[in-house]
Amino acid sequence: MKRDLFLKFLKSAILALFLVGAIAPSSFAAQTAGQQSMAFDSEPLSIASAKGQTHKFTVELALTPPQLEFGLMYRDRMPADHGMLFDFGTSRPVMMWMKNTRLPLDMLFLDRKGVVTHIQENAVPYSEAIISSDGPAAYVIELNGGIVEKLGLAVGDKVTSATISAKLGK
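Residues numbered from 1 in each chain as written. Predicted model: local features only at pLDDT ≥ 70, side-chain atom pairs only at ≥ 80, totals over all residues. Heavy atoms only, no water.

It is not clear to me how the pairing of strand S7 (residues 158-161) should be interpreted in this structure. Could you clarify?
Of the two faces of S7, the one lined by Val 159 and Ser 161 is fully buried and the one lined by Lys 158 and Thr 160 carries no buried residue. Of the strand pairs in this sheet, strand S1 (residues 42-48) and S7 are connected by four bridges, and their pairing is antiparallel. Within S7, the residue paired with Ile 47 across the bridge is Val 159. (Buried < 20%, exposed > 50% of the residue type's maximum accessible area, 1.4 Å probe, protein only. Helix = DSSP H or I, 4+ residues; strand = E, 2+ residues; numbered from the N terminus. Pairing = 2+ DSSP bridges.)

Quick look at the structure:
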């Protein structure tokens, strides 16, 4: 009797897994097969520090919900002068995490004018701990871990890019 119940349960569980894969194949496949690519446009971005230095980067743009979700997951490396700009479309509290992200990252949270309002340095790869913007943010820039310290980036620094300027009407 117990064996029959167990077999029924096992068949139901297998069927449920099959149906989840059939209903959401891209999500299921990405999680199980570790799919590692998504297309992103890119643009130049500058960070002007309070010390008067300007640091130039090339950033990929995370603009759509799938891009915002995927971000830099599954990347094994990123050039030192590259990163990703997440545009949330509005200023709001933002929560990030490092699930499926192999690279340690520095995260700069920006207001709608491109001013750095909060920084998270060296976010831990694969961590599912929530990283909060500690207030409203319109954008997040992810850079290689250690760049913030190396360049002396700080809260109050000003970021410019075509994406940010377009939202400001410039």
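What's the story with the packing of aromatic side chains in this structure? I'm lost.
One pair of aromatic rings is described through two measures. These are the centre distance and the angle between the planes. The full count for this structure, using the stated rule, is two aromatic pairs. Measuring from centroid to centroid gives 5.8 Å for Phe 70 and Tyr 74, while their planes differ by 45 degrees, and the two rings are tilted. For the pair Phe 70 and Tyr 74, a shared accessibility class is recorded, and that class is buried. Taken together, a centroid distance of 6.4 Å and an interplanar angle of 10 degrees make the contact between Phe 86 and Phe 88 stacked. By relative accessible area, Phe 86 is classed as buried at 2%. Assessed through its relative accessible area of 15%, Phe 88 is described here as buried. (Phe/Tyr/Trp six-rings, centres within 6.5 Å; stacked < 30°, edge-to-face > 60°.)

Even after reading the chapter, I still don't get the sheet that holds strand S5 (residues 116-123), so can you show me in this structure?
Strand pairing in a sheet relies on backbone hydrogen bonds, with the paired strands running either antiparallel or parallel. Taken in spatial order, the seven strands make up an open sheet running S5-S4-S6-S3-S2-S1-S7, and their pairing is mixed. Looking along the sheet, the strands with just one partner apiece sit at the ends: S5 and S7. Strand-to-strand twist across the sheet, computed as the mean angle between neighbouring axes with direction ignored, equals 35 degrees. Looking at chain direction, strand S3 (residues 82-96) and strand S6 (residues 131-144) are connected through nine bridges and run antiparallel. (Axes fitted to C-alpha atoms, helices over the stretch in contact; angles between N-to-C directions.)

All we've got here are geometric facts, nothing functional implied.
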